[in-house]
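# Architecture and fold: a report
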Amino acid sequence: MTIDFFKYQGTGNDFVMIDDRNETFPASDQALIERLCHRRFGIGADGLILLRNDPDYDFRMVYFNADGAEGSMCGNGGRCIVRFAHDLGLFETKTRFIAVDGEHLAEVIGDEISLKMSDVSGVKDRNGITFLNTGSPHVVRSVDDLESLDVVSEGRALRYDSAFQPGGTNVNFAQVIDDHTLFVRTYERGVEDETYSCGTGVTAVALVAHQQLNMSAPVAIQTIGGNLSVSFHSGPDGQYHSIYLIGPARRVFTGTITV
């Protein structure tokens, strides 16, 4: 079987994109998806995303982790599929699509994609660790010297901590740069490694920075893969709404692969 694919990246978080509007891609073949994402034996990516038709939306986003399993919401993947759909001519400037966590709105503004994230119902404490769900589960931990931190070792320990079982969690380490800027590194479940950037992760960090440090929106986020910003409105009892993840998303290359 020959598969046409597109490769996109959003601040270094990279994805195999497939136009599956005819629904011919074998989405149940986890081993195939894992192989396509493999950086030695496949195309190489942090995840694979199918763009499908939906009768009520401009398109449907179906996201798979690099291990081949269908995943929870991916913020940078969401921004990349918006760019992909725009490149395919599915909309002009603004779009409305459906993903695993519900409806999303987005807008193309030059090189940047502004993606509306799901509302967040609260920031919780689990055994002394800050936890919240921004479409995917995330832990946020503050550190003083993030550049020298062993993110993989420290992140893996928290990812599999008993407090977050059975599903586990993504883990974000954040360092304050100034009154409105944070440096963030993330260990992602499903990838089981540090990624260059994580959209739902930086969203989680921005909300925690507002709650715990009174950092006002928009919060600027520096990642290894580039810069993002997160805007939001806060309500009572740790409620957040009108959350937007904003940053670049670009096509890297296109190709075909025979499997």
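Above this text you will find the structure in question.
Predicted model only: the values in this text are computed from it and were never measured. (Residues numbered from 1 in each chain as written. Predicted model: local features only at pLDDT ≥ 70, side-chain atom pairs only at ≥ 80, totals over all residues. Heavy atoms only, no water.)

### Focus on helix H1 (residues 30-37)
Every buried residue of H1 is accounted for by Leu32, Ile33, Leu36 and Cys37. Looking straight down H1, one finds that the buried residues subtend no more than 130° of arc, so they occupy a single side. Buried residues along H1 sit in contact with strand S1 (2-10), strand S2 (13-19), strand S3 (47-54), strand S4 (57-65) and strand S17 (250-258). (Buried < 20%, exposed > 50% of the residue type's maximum accessible area, 1.4 Å probe, protein only. Helix = DSSP H or I, 4+ residues; strand = E, 2+ residues; numbered from the N terminus. Arc of directions from axis to C-beta. Contact = heavy atoms within 4.5 Å.)

### Observations regarding the state of the cysteines
Evaluation of the coordinates by the stated rule reveals 0 disulfides. Among the cysteines around Cys37, which has no disulfide bond, Cys74 carries the closest sulfur, lying 11 Å off. With relative accessibility at 3%, the residue Cys37 sits in the buried group. Of all cysteine sulfurs, the one in Cys74 lies closest to Cys198, which takes part in no disulfide; the gap is 6.5 Å. Look at Cys198 and you get buried, because its relative accessible area is 5%. (Disulfide = S-S within 2.5 Å.)

### Overview of the nonpolar core
Counting 48 residues, the largest nonpolar core has Met17, Met61, Ile81 and Phe97 as the members making the most contacts within it. It is helix H4 (residues 199-213) that contributes the most residues to this core, 7 residues altogether. For Ile81, the contacting residues outside a window of four places in its chain are Met17, Ile49, Leu50, Leu51, Phe59, Arg60, Met61 and Phe97. One finds Phe5, Val16, Leu48 and Ala66 within the second-largest nonpolar core, a separate group that totals 18 residues. (Core = buried A, V, L, I, M, F, W, Y, C linked by side-chain atoms within 4.5 Å.)

### A closer look at the pattern of salt bridges
As enumerated under the stated definition, the model contains 11 salt bridges in all. Asp54 is the partner of Arg60 in a salt bridge, and the nearest nitrogen-oxygen pair spans 2.8 Å. Under the relative-accessibility criterion, Arg60 is labelled partly exposed at 32%. We classify Asp54 as buried; its relative accessible area is 12%. The shortest N-O distance in the salt bridge between Arg96 and Glu103 comes to 3.0 Å. Look at Glu103 and you get partly exposed, because its relative accessible area is 39%. Through salt bridges with shared partners, one network takes in Lys7, Asp14, Arg39 and Asp46. (Salt bridge = Lys/Arg side-chain N within 4 Å of Asp/Glu carboxyl O.)

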